[in-house]
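# Residue-level structure breakdown
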Amino acid sequence: MTKYYIHKPIYSLLLVVTFLTSCNGQTKTQSKTNNQGETKTIPIGQPKLINSHGTQQNDNVHCGLQDKAGNLWFGTTGSGVYRYDGKLFFNYTTKEGLINNTVWSILEDKDGNIWFGTDNGICRYDGKAITSIPISVTNLSYSNPNNSANKNSIWSIMQDKSGVIWFGTDEGLYCYNGKAFTRFLDNPSVINKSGLTLKNLQCMFEDTKGNIWFGSGFPAFEGIFRYDGKNVENYKPNNEGWIRNITDDKNGTLLIVTRHNGVLTYNGKNFTSYSKPQQLRNDL
């Protein structure tokens, strides 16, 4: 499948210049042998962020996370993941166990594990090692000869209040209960009257009422969805199909970041557009 890398706003480009090209050289690593005799490569911290993989025109820092211990994590589109502990940067790539060096999404679960959604599947870091986690589903209702969705992009990850982890992928939406994966739309109790595919989800968010919101991306352009535990309801305010992020404010009003219509709000009844600041470029 052809991947499309979209230019980021100016501030993202500044992140690229600052973080990925601040100095030249190779990231140092050291080897560690476990009880089975396998040699593992673990990164050694650097006082400055070193880009050891080369930067292409559209490479960027695509996602970030501050974990419970205060570490900052940065997922890049080509240089793996960087962790900053306040003093040193540590670079995790395929040498350290990542399945792919392009990372679209990061999540820390309730147990402190760090999940990475890459361009080629899911990885999990338990504080010691990175492990690839294949999405293997045996009861798929659509044609997939491999019965697996591990070989596609993982655009978004979310853990709901019950502990279930959701993965938005090229091939649809998957749920993981800690033991097994299920494909969301294969659940017969889910009512999907609009016939949505739920592919290429850019973001997911659970609101204070327990509704789960999804934002569609390129090339699906399916807009916004709300799942209330039974129905999947679809919205396309201002005919916007590409949603980048969803969160809420202290009053419970949803804040929806779009590709073409700036920021929208939703108060439970109506969608409203924020007025565009005078100095904000049209294409932002």
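Residues numbered from 1 in each chain as written. Predicted model: local features only at pLDDT ≥ 70, side-chain atom pairs only at ≥ 80, totals over all residues. Heavy atoms only, no water.

## A look at the pattern of salt bridges
Counted only if it meets this: Salt bridges are defined by distance alone: a side-chain nitrogen of Lys or Arg within 4 Å of a carboxyl oxygen of Asp or Glu. Accessibility here uses a 1.4 Å probe with only protein chains present; expressed as a share of the type maximum, an area under 20% marks a residue as buried, one over 50% as exposed, and anything in between as partly exposed.
Counting across every chain of the model gives two salt bridges. Of the charged contacts in the structure, one is a salt bridge between R183 and D186, with a shortest N-O distance of 3.1 Å. A relative accessible area of 17% places D186 in the buried class. Taking the shortest distance from any N to any O, the salt bridge between E233 and R226 comes out at 2.9 Å.

## A word on the sheet that holds strand β22 (residues 271-273)
The criterion, for reference: Any two strands with at least two DSSP bridges between them are considered paired. We count a stretch as a helix when DSSP gives it H or I for four or more residues in a row; a strand needs E for two or more, and each element gets its number in order from the N terminus. Simply put, an axis is a line fit to the C-alpha atoms, just over the touching stretch for a helix, and the angle between two N-to-C directions goes from 0 to 180 degrees.
Across the sheet, four strands lie side by side as β19-β20-β21-β22; this open sheet has antiparallel pairing. The open sheet has two edge strands with one neighbour each: β19 (243-248) and β22. Between one strand axis and the next, the sheet turns through 25 degrees on average, direction left out of account.

## As for the packing of aromatic side chains
Describing an aromatic ring pair means giving the distance of the ring centres and the angle of the ring planes. Selection criterion: Between rings of Phe, Tyr and Trp, where Trp is taken as its six-membered ring, a pair exists when centres lie within 6.5 Å; planes separated by under 30 degrees are stacked, by over 60 edge-to-face, and by other angles tilted. Counting as a charge over the ring demands two things of the Lys NZ or Arg CZ atom: a distance within 6 Å of the ring centre and an angle within 35 degrees of the ring normal.
Under the criterion given, the structure shown has 24 aromatic pairs. What links up through ring pairs into an aromatic cluster is the set W166, F184, F214, F225 and Y227. Sitting over the ring of F90, R83 keeps its end group 4.3 Å from the ring centre. The positively charged end of R259 is found above the aromatic ring belonging to W242, 5.1 Å away from the centroid.

## A few points about the side chain of T76
Where we set the bar: Any pair of nitrogen or oxygen atoms within 3.5 Å is treated as a polar contact; in protein, a donor-acceptor pairing is required on top of that, and neighbouring residues in sequence qualify only through side-chain atoms on both sides.
Looking at where T76 falls in the secondary structure, it is placed in strand β4 (residues 72-76). One polar contact links the side chain of T76 to the main-chain amide nitrogen of S79, over a distance of 2.8 Å.

## What about the pairing of strand β20 (residues 254-258)?
The side-chain alternation of β20 yields one buried face, formed by L254, I256 and T258, and one unburied face, formed by L255 and V257. Two strands pair when backbone bridges link them, and β19 and β20 are joined in this way by five bridges, in the antiparallel orientation. Its bridge partner lying in β20, D248 is registered against L254. Count of turn residues in the β19/β20 antiparallel hairpin: five residues, of which G252 carries a positive phi of about 90 degrees. Strand direction decides the pairing type here: β20 and strand β21 (residues 263-266), joined by four bridges, are antiparallel. The partner of L254 across the bridge, within β21, is Y266. Remark: four residues form the turn of the hairpin made by β20 and β21, two consecutive strands paired antiparallel; G262 in that turn has positive phi of roughly 65 degrees.

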